Amino acid sequence: MSLVLHDLMICCRGLENDKVTERKKEVDRFKRLLRSAETVRELDRISSVKNAKQLTWDAVFRFLQKYLQKETEALQAGKANVSATTLANRQQKMQEISSLVKFFIRCANKRGPKLKCSELLSHVVEVLRRPFSCTAYGDDYSSLLLKDILSVRKYWCEISPHQWHSLLDMYCGLFTGGSINRGMVSRIIHTLVLGCSLQTGGHSHALFSFFSKALGNVRSERQLAVLENLVSALNVFLRGALVSWRRRACALGEQLLPGLLHAWSHTRPSPLLKDQLVELFSLQLHIHHPRGAKTLDTGAIAEDWSHWQSLLFGLYESLVSEISQIGSRGKYATGTRHYAAKDNLIELTADICHQLFSQDSRALELSQAHYRGVPLDSPTGSGSKRRRVEVGWEVLRDHLLPSQSDFDMIPWLQITATLVSRYPSMLPADELVPLLSLLCQLLGEQQRRGERGPYVLRCLREVARCQAAWAPELAQAPAGAAREAELGRLWGRVWALAVRGVSSPLLEVPSLDLLRTMVQGGLVPADRDFWKLFVGSACKPSLSSVLGLAQALSKSPVPKAGVGGGEISGWAAPEGSRRPPLREAIISWLLMTNQSEEAEDSSKPHLILLRDFPRYLIPRILVSLTLKDSRAGMAFLMGTLTPESFAPQDQRTSADVRPALSEIEGLYLQFSFDDAPPCAPHGVDAGGVAPKDPQLTLVPELRTRLEQSLLSVADHLLNCYSPESQATAPESRLRCACLLVGVLGGYVSTGLLSEADLSRSPLFHKAKSLAEEFSEYVCTAKSRLADESVLSTIRVVMTMCSQSVSCVDKTDKVSTISRDIFLKIFPARLLTELTDICKILLTSGKRDSLSVEDALMDDDWEVSRTQVELQDDIDLFDDGDAPQTSANGAAHAKGDGTEMPHSQGAKSVLCEDQLLKQDHALLAALAFLSLCSSSERAPGLAFKPSEVRRRLFKLLDNLEFSRVLHLHLYLVLLKTLPAEGAVLPAEDFDALLRPLADMCSLYRQDQEVCAAILLALLPAIHSLGSPCCLGDEEEDMTHVQGALLQVISGFCILGRTGKSTAPVWAALTQCLVALLEVDPCCKWAVLTLREEELAVSDVLPANLADPHHHVRMLAAMTLDRLFVVKKVADEESRRLLPLKKQQAAFENIYLKAQEGMKIEKCVAPEDLPDETYNRRATLLKSVAMVMCCSPVCEKQALFALLQSYKENSIEERLIKKVCVCVCVLQGEQHRGAAHQKGVE
């Protein structure tokens, strides 16, 4: 033992001395020794050795625990009745003791976590469970738990599910009857609930009763920060519990909402608390009414339906009051204020309006007792006030009257647009004309009152989309012809106003979006005024204008004659010459060939090269304009795509902004058999149908003019290029190359340009010149990687390159051909330089260490969780985020070390903000190189994909998965290298998968990383089903298959032992389904689970008996893969498995589903309704899936359905719904009556 450790050992033994004065001396010596760098270095060295026999950090911590116990016993033995001075001395002594523990823990973990998580937690729990020590040290130890344990990723992942639930139960008890500061306790409860949600397979049932008590009497809560933390924790809990305990979640919401509505209306909640309340109300609405279901027969649910309906009216009234306050505050505010309300508030109001609006009522009188916190069993009495709540479309239109101010009107315009967008079928036919007339009137006044203009236009766009989608139904409604005529007149007026609005900078984008939607829905045909927009100076090429042009080309032919009036942008014709044809003028407008408006600044590239447009959309438009039949050409070039699919997400047909919640709602309806197949849309939402190859004819003059214009654009860019100029950034060269390549791809896809002529095309050679220029930039950037602007540029251009060479849709011929051409223009030098840059960035990626300052000891306990979020986040341990510390044990610097640690738990290693700018640049370049290396099938490449792969595999040699960057790097390679259809030899597969087992072993306790690993394996599994792997190389792939199966088997074992969460199970299910796709007969897809070998076709049904309902649901939804062979390369190609396989699969499914019907005896009585319903739903869904996909087993499945009806006491109504849903899915309506008759 070294001298310093010997001194420390003597000091630690001195801490056990029976004399108080001696212990005090040793404490001072203990602190002095720990501040010595040599002592710390020796402790680190010895602690890193396994089973070390000398003094380690953990051994010192055990001495410290004994010291704390001695001091606590001494304090506890003191007299109760003492003077104020003695009491103050005791308080100071307690503070000194807890400060010593915090000092030691932070000193030990300063360079990465060195202390064992289990010992830390057991000590904290032991102190907090004893009444005296909890009173003495509770606040300090809670701070210690929050800052120094739960904020460290290594500890976060090592805490077992039992420990998570024990900690949560303990702090729930401390909140309701403890002496610790309630603000701190509420923050810890939020963090613990989050940890249970992310790291364990289930939630504590005690949380239902805890939240019921803690939030049951909100009126007595004086600390809004505590309320904010609790509501946020409740939101986290409900998101995890709503799958398995839907009914209990509904009951809890119905119990708590009255009090929370009172807190909303009668206190002054902070904006952050309001956001949390809005999220809670929205969650409850989605749980009660999945996908907007209105009645119990269509999938809605409530513990007390009448009480819930009155709560909805109370919530509606509160939201209306909040929106009116926004308007009143805006009227009297000085300075600039936003007119619009927050999106979450608007979406919640729209969802509630959907539930309450009906055609037969405008107002409802109800008692305040229903929603002001009166218990359900209390008599309302005659003294209860009654209020008149007005609802309905007429009320909504009252809020849109022109006399309203912008502050009052704009939120209701937002609500109307969201309501019509989300629920187009609920807009009554009788309301279309009044609503459209009112919006048209508002649009006409927008020139005088321009603030409301964009919102009116968006509302009109959603109404147009709604009318187009339901046009046949509207025509068949009463007075359909007269209504249709009036609507046509109003839309004509809206069209004229929108065309006029394009000239306004404020209204240009929404006006163009509205015009595009009207053309798309066929409400108004494109007229001369519309075509003028694309040849004049009214607007320049932008995303909205280009999408509108693409929509017009898809719907109507281009007028042959030129349009009169206005200057044609980009066209400089000699005086007295004829006006150009419209097509030629549009080409000039798109390319801004002569840049007539910016002739004074010839150093700038053309405008089209300075803006990002959807991939290969401009080339499709340009090519279609050179064809004789532009509409047929545009339809062929678009394939199954539509112009709407290129629009930004917020402009598309409304979808839930939270895909996870939307997926859960879909599962609700699937398992209650209320999710009928959607009607085939006949309006704007209809997807494109790939047309057959038409006989397209080229107009040679237009093609020549287009090629000249494109060459002119490229030459201008090359001539005005300056390395230091921001106007000629490398992005412009890439955009120009993509434009040229896209045009070539369009001509090749139509058959108007052969592969042989492609290499002789001047456009192809010009694109290669641009690629050479881009390579020059990359070469110079290699020596300037210390410049952050260069790193940002590399990230941007590499992302652009990846988008250009990735094949998103196989049916998109233009993108596929353009991708191959794009790869051909790249010189080999470019990829060599990029691999060098990756190597440089990887080897120079060392980061500075961050120490936890001793000053960072105390915290303001009254601060709320979300107030902490507003501050800059700081991750105290970056390399320590992984379950193992990094080689040097250092943390990564993310700030200056002075911010408050966040209470959101330890930050995930998958968060992008864990990476530096150089890391983002490296990963972007790596993704592009991976795509290039998997392009063997593209002939004529200047580089060798196998050589690129060889260079990439060299990067794997020195990976340290404890480093965040290396984890991200390997995940990128896993997802990108085994591209579908790529030829990846067995030895390359082996090289790619070699580090996989080590990474899985290291991160097996990190649930988020486990899910990411499984999802990253999907491309590798799919590639095993490619023809090249099923041919001559099938035997060579045995080792690859074994490596993948070993990893998936390991995750299955973890899942069966309860160590996997729902996201991991979802990803694992996707892997099992992928294995069945590539090996449907399970010739090699066999998993080794402990001592048992099971085919994947047996593992999937076994999940039907899993204790977790989410796992059972996911398994039931994928049972069709046990009967149907679905080819990976062809989504439409399906064939049935052999008869014996289907029979065995059905028997296995029914056996496991019946096994899953057994409810454990330990289930609490309050959980029994949910548990019974869930297990019945799994059984019925499993049988229904067999009936839908297996004609062989259909009769057996029907018999099993009737048998389960008798054996499990299932409602007859539910059995009938199953039969109807099966028949609808099969498309055999005539069999529905027979099945239903058999049930009866």
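Residues numbered from 1 in each chain as written. Predicted model: local features only at pLDDT ≥ 70, side-chain atom pairs only at ≥ 80, totals over all residues. Heavy atoms only, no water.

K.L.:
Would you mind going over the packing of helix α10 (residues 182–199) against helix α12 (residues 224–241) with me for this structure?
P.N.:
For any two helices packed against each other, one specifies the crossing angle of their axes together with the interaxial distance. In contact at an axis separation of 9 Å, α10 and α12 are set at 10° when each is read in the N-to-C sense. When the axes of α10 and α12 are compared, the pair comes out roughly parallel. Contacts between α10 and α12 involve Arg182, Gly183, Ser186, Arg187, His190, Val193, Leu194 and Ser197 on the former and, on the latter, Val226, Asn229, Leu230, Ser232, Ala233, Val236 and Phe237. Partitioning the contact of α10 with α12 into residue classes produces 7 nonpolar, 6 polar and 2 charged. (Axes fitted to C-alpha atoms, helices over the stretch in contact; angles between N-to-C directions. Helix = DSSP H or I, 4+ residues; strand = E, 2+ residues; numbered from the N terminus. Parallel < 35°, antiparallel > 145°, perpendicular 65-115°, else oblique. Contact = heavy atoms within 4.5 Å. Nonpolar A, V, L, I, M, F, W, Y, C, P; charged D, E, K, R; others polar.)

K.L.:
Sorry if this is basic, but what is going on with the confidence of the model for the protein chain here?
P.N.:
Note: predicted coordinates in regions of low pLDDT should not be interpreted at a detailed level. Mean pLDDT over the protein chain works out to 83, with 82% of the residues at or above the 70 mark. Ranking the elements of the protein chain by mean pLDDT puts helix α37 (residues 865–870) last with 40 and helix α27 (residues 617–625) first with 95. The low-confidence segment residues 373–383 (pLDDT under 50) makes 5 contacts with residues lying over four places distant or belonging to another chain. Contacts for the low-pLDDT stretch residues 565–577, under 50 throughout, to residues beyond four places or in other chains number 26 contacts. (pLDDT = per-residue confidence, 0-100.)

K.L.:
What is the right way to look at the pairing of strand β4 (residues 1092–1095) in this model?
P.N.:
Each regular strand carries side chains that alternate between the two faces of the sheet. Pairing analysis gives 4 bridges linking strand β3 (residues 1086–1089) to β4, with the strands arranged antiparallel. Within the sheet, the bridge partner assigned to Val1086 lies in β4 and is Ala1095. Where β3 folds back onto β4 in an antiparallel hairpin, the turn is made up of 2 residues, including Arg1090, whose phi is positive at roughly 60°. (Pairing = 2+ DSSP bridges.)

K.L.:
How do you make sense of the packing of aromatic side chains when you look at a structure like this?
P.N.:
Aromatic rings considered in pairs are described by the distance between their centres and by the relative angle of their planes. One pass over the full model with this rule turns up 21 aromatic pairs. The structure contains a cluster of three or more aromatic residues connected by ring pairs, namely Phe175, Phe208, Phe210, Phe211, Phe237 and Trp245. Just above the ring of Tyr1173 sits the side chain of Arg247; from NZ or CZ to the centre is 4.8 Å. (Phe/Tyr/Trp six-rings, centres within 6.5 Å; stacked < 30°, edge-to-face > 60°. Lys NZ or Arg CZ within 6 Å of the ring centre and 35° of its normal.)

K.L.:
Looking at this model, I keep getting lost on the environment of Leu1179. Mind explaining?
P.N.:
Tracing the chain through its elements places Leu1179 in helix α51 (residues 1168–1189). When the C-alpha positions of Leu1179 and Ser1204 are compared, they lie 8.4 Å apart, and in sequence the two are 25 residues distant. If sequence neighbours within four positions are ignored, Leu1179 has contacts with Tyr1150, Ala1153, Gln1154, Met1157, Ser1204 and Asn1208.

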